[in-house]
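Examining the three-dimensional arrangement
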Amino acid sequence: ANGPVPDDGSPPSLDCCEAAVKFLLCVVKSGTVLLDLAGEIECEYRRYLHPSGQPGVGDRFLLVIQNSAPDKIERIDLPKRDDGEFVDLPQALIDARFDPSDRKFAALATRGAAPVINATDSDWLEHRAILDANGIRVEFVCGCDKAKWFSVSTP
């Protein structure tokens, strides 16, 4: 919803941004946000936020959830194995080299029996078969056609 720019420099499409904003508004109105007790997911979110200057929709969402609607947050313990991997992360995802920074979300989805909500992170689409096979549901707010996720810049 904040509109981060991917490696190729194309911003998310207006349709994708609108879908993300609608989803976040729905969560604020009637949803629940799952976070891990250790705070790893919040740290990940903060890497993409810009709370100073001109905050975006994602910044506003986090502020509203944390400050005005903390009852919408459910914190779940995500225990780790001796090797540092999450206990609830299916080995098949590790074997498939699923992005290490996304593993906490997959583990939380497993432990919390909730879907992962994705806008424009292609790892979730590329590993969809393994995720499905391991009972991890992913909802793609911008759809499953990567070509529609980003605006095409014209010279």
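Residues numbered from 1 in each chain as written. Predicted model: local features only at pLDDT ≥ 70, side-chain atom pairs only at ≥ 80, totals over all residues. Heavy atoms only, no water.

1. Some remarks on the packing of helix α1 (residues 14-30) against helix α3 (residues 57-68)
Heads up, the rule is: Axis geometry follows a simple rule: fit a line to the C-alpha atoms, using only the stretch in contact for helices, then measure angles between N-to-C directions, giving values from 0 to 180 degrees. Where helices and strands are cited, they refer to DSSP runs of H or I of at least four residues and of E of at least two residues respectively, numbered from the N terminus. Orientation is classified from the angle alone, with under 35 degrees giving roughly parallel, over 145 giving roughly antiparallel, 65 to 115 giving roughly perpendicular, and any other angle giving oblique. In what follows, a contact means two residues having at least one pair of non-hydrogen atoms within 4.5 Å. Here the term charged refers only to Asp, Glu, Lys and Arg, the term nonpolar to Ala, Val, Leu, Ile, Met, Phe, Trp, Tyr, Cys and Pro, and the term polar to all other amino acids, Gly among them.
Between α1 and α3, whose axes approach to 11 Å, the crossing angle comes to 5°. The angle between α1 and α3 falls in the class roughly parallel. Where α1 abuts α3, its residues V21, L24, V27 and V28 lie against V57, F61, V64 and I65. Of the residues that constitute the contact of α1 with α3, the class distribution is eight nonpolar, no polar and no charged.

2. Focus: the environment of I76
Our working definition: Each residue is assigned to one of three classes by its accessible area relative to the maximum for its type, calculated with a 1.4 Å probe on protein chains only: buried under 20%, partly exposed between the two thresholds, exposed over 50%.
Examined against the element boundaries, I76 turns out to sit in strand β2 (residues 73-76). Among the residues examined, I76 registers a relative accessible area of 10% and is labelled buried. Measuring from C-alpha to C-alpha, the distance between I76 and L108 comes to 7.5 Å, with 32 residues separating the pair along the chain. Once residues lying within four places of it in the same chain are set aside, the contact partners of I76 are L34, L35, D36, L37, L108, R111 and G112.

3. Topic: the nonpolar core
Short version of the rule: To form a nonpolar core, buried Ala, Val, Leu, Ile, Met, Phe, Trp, Tyr and Cys residues must be joined to one another through side-chain atoms within 4.5 Å.
Judged by nonpolar contacts, the single largest core of 32 residues is most densely connected at L89, L93, A106, W124 and I136. Those elements giving two or more residues to this core turn out to be α1, β1 (33-36), α3, β2, α4 (91-95), α5 (103-112), α6 (122-126) and β4 (138-140). Looking at this core element by element, the count peaks at five residues for α5. I136 has contacts with P90, L93, A106, A109, T110, V116 and L131, leaving out every residue within four places of it along the chain.

4. Details of the state of the cysteines
Quick note on the threshold: Two cysteine sulfurs form what is called a disulfide whenever their separation falls within 2.5 Å.
In this structure the tally under the stated criterion is one disulfide. Each disulfide pairs two cysteine sulfurs, and for C16 the partner residue is C142, the sulfurs being separated by 1.9 Å. Taking the sign of the S-S torsion, about 80° here, the bridge from C16 to C142 comes out right-handed. Linking C16 in helix α1 with C142 in the segment after β4, this pair joins segments that are 126 residues apart in sequence. Note on accessibility: C16 and C142 belong to one class, buried.

5. Some points on the environment of C142
Using a relative accessible area of 14% as the deciding quantity, one classes C142 as buried. Spatially, the C-alpha atoms of C142 and S13 are 9.1 Å apart, while their sequence positions differ by 129 residues.

6. Digging into α1
Note the cut-off: One less than the residue count of a helix, multiplied by 1.5 Å, gives the span that helix is expected to have. In this description, one arc is meant: the one made by directions from the helix axis to the C-beta atoms.
The first and last C-alpha atoms of α1 sit 24 Å apart over 17 residues, in line with the 24 Å expected at 1.5 Å per residue. Along α1, the residues classified as buried are C16, A20, L24 and V27. Along the axis of α1, the buried positions cluster into a sector of 70°, meaning they face one direction only. Across from the buried face of α1, at angles greater than 90 degrees, the exposed residues are L14, D15, K22, L25, K29 and S30. Residues of α1 that are buried in the fold lie against β1 and α3.

7. Comments concerning unusual backbone geometry
Residues apart from glycine generally show negative phi values, whereas peptide bonds are mostly found in trans. Phi at R97 is positive, roughly 60°, even though this residue is not glycine. Its place among the elements puts R97 in the loop between α4 and α5. The phi dihedral of A113 falls on the positive side, at around 50°, and the residue is not glycine. Here A113 shows up in the loop between α5 and β3 (116-118).

Honestly, that's just the spatial picture; any functional story needs more than this.
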